[in-house]
Amino acid sequence: MDIPTYTPAEAPVPEGEIVIERGSTPQQLGPRLNRTAADVVRFLLQQGEMVTATQSLNDDMIELFALDVGAEISLVDPGQEQEVELQKVLDLEDEDELDTSDLPHRAPVITVMGHVDHGKTKLLDQIRNANVVAGEAGGITQHIGAYQVHLDGNDLTFIDTPGHEAFTAMRARGAESTDIVVLVVAADDGVMPQTIEAIQHAKAAEVPIVVAVNKIDRENADPNRVLQQLSEHDLVPEAWGGDTIVCEVSALQNIGIDDLLANLLVVAEVEDLRAAPEGRARGAVLEAHLDMGRGPVATVLVQRGTLRVGDPLVAGPAWGRVRALVNDRGEQVKEAGPSMPVEVLGLSDVAQAGDQFVVAPDERRAKAVAETRERWHREAARARDASVVSHGARLEDIFAQIQAGEQATLNLIVKADVQGSLEAVTESLRKLERPEVRIGFVLRGVGGITESDIQLAATSSATIIGFNVRPGRQARDMAETEDVEIRTYEVIYKLLEDIESAMVGMLEPEFEEVVTGEAEVREVFRIPRIGAVAGCMVQSGTITRGSQVRFLREGTIIWKGEVSSLRRFKEDVREVASGFECGVGLSDFQDLKQGDVIETFELREIPRT
Ligand code: GDP
């Protein structure tokens, strides 16, 4: 065979240190050093290494080729390359090397977490309202995703989206935005699954927790029981010799809120939070949306430096010159310093929550960085899709494959209610990966579980995971005939627990939710004193008074509760069968719309095999 000879091309290599990702292929490496893929392949062939243009190279091969063409390179792990390159383009000094000890203090950034209905929203509202000075200009607060309050000459910043899903999604995207977590636990309900989940997330992020035992105004409030339960999760209250600050509050009656705020300031002082107020601003995107009148709007939290109107900004794949900054009172401001949340107008595109933002030296560089990121995003998405294998195992078979010593891949289709929870679920699932089990994400999307999802699952041997979403009736029927497994969850930890159990061969679902009936809302009646009643057509099974209900809009669960009233032609009835019309009342739930679906279900024990 004729070996083509390789002669170093004359073209000059790029100057300075070039960052190369480990495992690059000749196709990727060549152009970076001003060479073609063929140059790399030919060179390696001459060294006795036979590689193709699309094959990953090891470190030695890359170093050897760089040496040969006279390029100065630094090898980095995949994923790191992006940030190293961007740091260079944006010309930013490395934050870690910065000594912060003599910088000014900044306000603590606080996230409220806890179980649903324990009073997170009420607490956030109460804190905000109590601190808006009456008569102050623009005193009407705007929900921009975060707000600041002032107490005894100090500022505190609260993230306005309670719960750990947003928090985790932010972290998954590299944004460490929270300094302190307020864990809300209702005194009449105690520690619940999402309380535990919140504790786990806060601990994983190494963020200090301050406990707010809420609803102490309730007759059946039992704060001591809460303390006991918290101790079992390693949050031992100060009163019991531990180091967890616990405040008893009533968000409803505004009791203990000042004490809670004062304690948050104490924790902030211990944490010694500081940031440089000068210099180009950087921070995190908390929220972003497209506003009909104002174009893309992003709420950002400045973490360092000062953001000013006119600054060229990059936020994830979006960029632009700051046209206006709006604070949490809806007032236009000229600048925003550390820990201050502001809405930014003037971006080219809708950024994503969790994206980092940074002010670039000039507009040209801001644009270049944004475009590079956009391209990386696309390539990364393609690479991820390519990792799905065609013979993935199903959840119940995964352990057998692992035991057989095979490299097993668990193919999943993940559907969730919102982007934030989708990111949180995927990131947490990724963490479960081990050398012997990989997870292949066949599809990740927002919205209900559809027939096309089932089709895809059937052809790719995937299990479908639904988070706060459900399959429609047709999709469910199809799943049955196609033998596709659908698992739906409302708390992340339960989901992770199941997948983890499956991986160690201990998947033993003890209860199964069996759908007993389904009805479509055809018309909504508003009846004085009774409220909204859904005129429905029962489409399968039977609808029974008192049975448990999931209320679905486009496949997404928007409410859970019970069928509180059931009528046929003005008569109260106990149940209505498929094919009949009926009127359904859902206790206090009023937000009914035509086309919504009422799904009733019951729990049935699955006999162990
Ligand atoms: P979230 O789901 O944690 O955001 O909970 P919400 O803030 O929506 O509160 C759930 C329910 O509990 C609402 O009906 C609130 O009015 C009520 N609630 C919140 N805080 C208190 C409190 O301190 N005392 C009493 N009695 N009710 C409260």
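Residues numbered from 1 in each chain as written. Predicted model: local features only at pLDDT ≥ 70, side-chain atom pairs only at ≥ 80, totals over all residues. Heavy atoms only, no water.

Student: How do you make sense of the overall build of the chain when you look at a structure like this?
Tutor: Looking only at helices and strands, the chain has 15 helices and 30 strands in total. Taken over 609 residues, the chain has a buried fraction of 48%. As presented, the chain carries roughly 29,500 Å² of accessible surface, and 47% of it is formed by carbon and sulfur atoms. (Helix = DSSP H or I, 4+ residues; strand = E, 2+ residues; numbered from the N terminus. Buried < 20%, exposed > 50% of the residue type's maximum accessible area, 1.4 Å probe, protein only. Areas by Shrake-Rupley, 256 points an atom, 1.4 Å probe, with all protein chains shown as cover.)

Student: Is there a simple way to think about the nonpolar core in this case?
Tutor: Where a protein is soluble and globular, its nonpolar side chains tend to be buried together. Grouped together as the largest cluster of nonpolar side chains are 27 residues, with contacts concentrated most on Leu123, Ile127, Leu156, Phe158, Val182, Leu260 and Leu264. The set of elements that each furnish at least two residues to this core consists of β3 (109-114), α5 (120-130), β4 (146-151), β5 (154-159), β6 (180-186), β7 (209-214), β8 (245-248) and α9 (257-271). Tallying contributions element by element places α9 first for this core, with 7 residues. Setting aside chain neighbours within four positions, we find Ile127 in contact with Tyr147, Val149, Phe158, Ile257 and Leu261. Residues Ala416, Val425, Leu432 and Ile465 belong to the second largest nonpolar core, which totals 21 residues. (Core = buried A, V, L, I, M, F, W, Y, C linked by side-chain atoms within 4.5 Å. Contact = heavy atoms within 4.5 Å.)

Student: I keep staring at the packing of helix α2 (residues 37-46) against helix α3 (residues 59-69) and nothing clicks. Help me out?
Tutor: The packing of two helices is summarised by the inter-axis angle and the distance between the axes. Close contact between α2 and α3 brings their axes to 11 Å; oriented N to C, the two are set at 105°. On the basis of the axis angle, α2 is roughly perpendicular to α3. Where α2 approaches α3, its residues Asp39, Val40, Phe43 and Leu44 are matched on the opposing element by Met61, Leu64, Phe65 and Asp68. Considered class by class, the residues forming the contact of α2 with α3 number 6 nonpolar, no polar and 2 charged. (Axes fitted to C-alpha atoms, helices over the stretch in contact; angles between N-to-C directions. Parallel < 35°, antiparallel > 145°, perpendicular 65-115°, else oblique. Nonpolar A, V, L, I, M, F, W, Y, C, P; charged D, E, K, R; others polar.)

Student: Please clarify how unusual backbone geometry should be interpreted in this entry.
Tutor: Unlike most non-glycine residues, Asp117 shows phi in positive territory, near 75°. Relative to the helices and strands, Asp117 resides in the loop between β3 and α5. The backbone phi angle of Glu554 is positive, close to 50°, even though this residue is not glycine. Along the chain, Glu554 turns up in the loop between β24 (548-553) and β25 (556-562). With a relative accessible area of 73%, Glu554 lands in the exposed category.

Student: Whenever I open this one, α5 confuses me. Can you help?
Tutor: One full turn of an α-helix is made of 3.6 residues, so residues set three or four places apart face in the same direction. For α5, the set of buried residues is Lys120, Leu123, Leu124, Gln126, Ile127 and Arg128. On its buried side, α5 packs onto β3, β4, β5, β6 and α9.

Student: Is there a simple way to think about the sheet that holds β7 in this case?
Tutor: Backbone-to-backbone hydrogen bonds join strands into a sheet, with any given pair of strands oriented parallel or antiparallel. Taken together, 6 strands build an open sheet; the order of strands is β4-β5-β3-β6-β7-β8 and the sheet is mixed. Lying at the two open borders of the sheet, with one neighbouring strand each, are β4 and β8. The average angle at which neighbouring strand axes cross in this sheet is 30°, direction not considered. Pairing between β4 and β5: 6 bridges, direction antiparallel. Among the inter-strand pairings, Val149 is bridged to a residue of β5, identified as Leu156. Contacts from helix α8 (residues 223-232) reach β6, β7 and β8, with the element oriented near 130° to β6. With respect to the sheet, α9 is in contact with β3, β4, β5, β6, β7 and β8, its orientation differing from that of β5 by roughly 100°. (Pairing = 2+ DSSP bridges.)

Student: How should the site of the ligand be read in this particular structure?
Tutor: The local shell around the ligand holds 15 residues, among which Asp117, Lys120, Thr121, Lys122 and Asp217 are the closest. Measuring from an oxygen atom of the ligand, one finds a backbone N or O atom of His118 at 3.3 Å. One nitrogen or oxygen atom from the main chain of Lys122 is found 2.8 Å from an oxygen atom belonging to the ligand. Alone, the ligand offers 580 Å² of accessible surface; in the complex the protein occludes 77% of this. Classifying every residue of the shell around the ligand gives 3 nonpolar, 6 polar and 6 charged. (Near = heavy atom within 4 Å. Polar contact = N/O pair within 3.5 Å; in protein donor to acceptor, adjacent residues only side chain to side chain.)

Student: Honestly, the pattern of salt bridges in this entry has me stumped. Any pointers?
Tutor: Side-chain pairs of opposite charge can arise whenever the charged atoms involved come near each other. What the rule picks out here adds up to 29 salt bridges. A network of salt bridges, in which partner residues are shared, links Glu485, Arg487, Lys494, Glu497 and Asp498. (Salt bridge = Lys/Arg side-chain N within 4 Å of Asp/Glu carboxyl O.)

Student: Would you mind going over the packing of aromatic side chains with me for this structure?
Tutor: Describing an aromatic ring pair means giving the distance of the ring centres and the angle of the ring planes. Applying the stated rule across the entire model yields 4 aromatic pairs. Judged by centre distance (4.9 Å) and plane angle (20°), the ring pair of Trp559 and Phe589 falls under stacked. Here Trp559 is found in strand β25, whereas its partner Phe589 is found in the loop between β29 (581-585) and β30 (597-605), with 30 residues between them in sequence. A relative accessible area of 9% means that Phe589 is categorised as buried. What links up through ring pairs into an aromatic cluster is the set Phe551, Trp559 and Phe589. (Phe/Tyr/Trp six-rings, centres within 6.5 Å; stacked < 30°, edge-to-face > 60°.)

Student: I keep staring at a nonpolar patch on the surface and nothing clicks. Help me out?
Tutor: A surface patch of nonpolar side chains, about 260 Å² in accessible area, is lined by Phe525, Ile527 and Ile530. The topology assignment puts Phe525 in strand β22 (residues 511-527). Judged by relative accessible area, Phe525 falls into the partly exposed class, the value being 36%. (Patch = residues over 30% accessible without salt bridge, like charges linked within 9 Å, V, L, I, M, F, W, Y side chains within 5 Å.)

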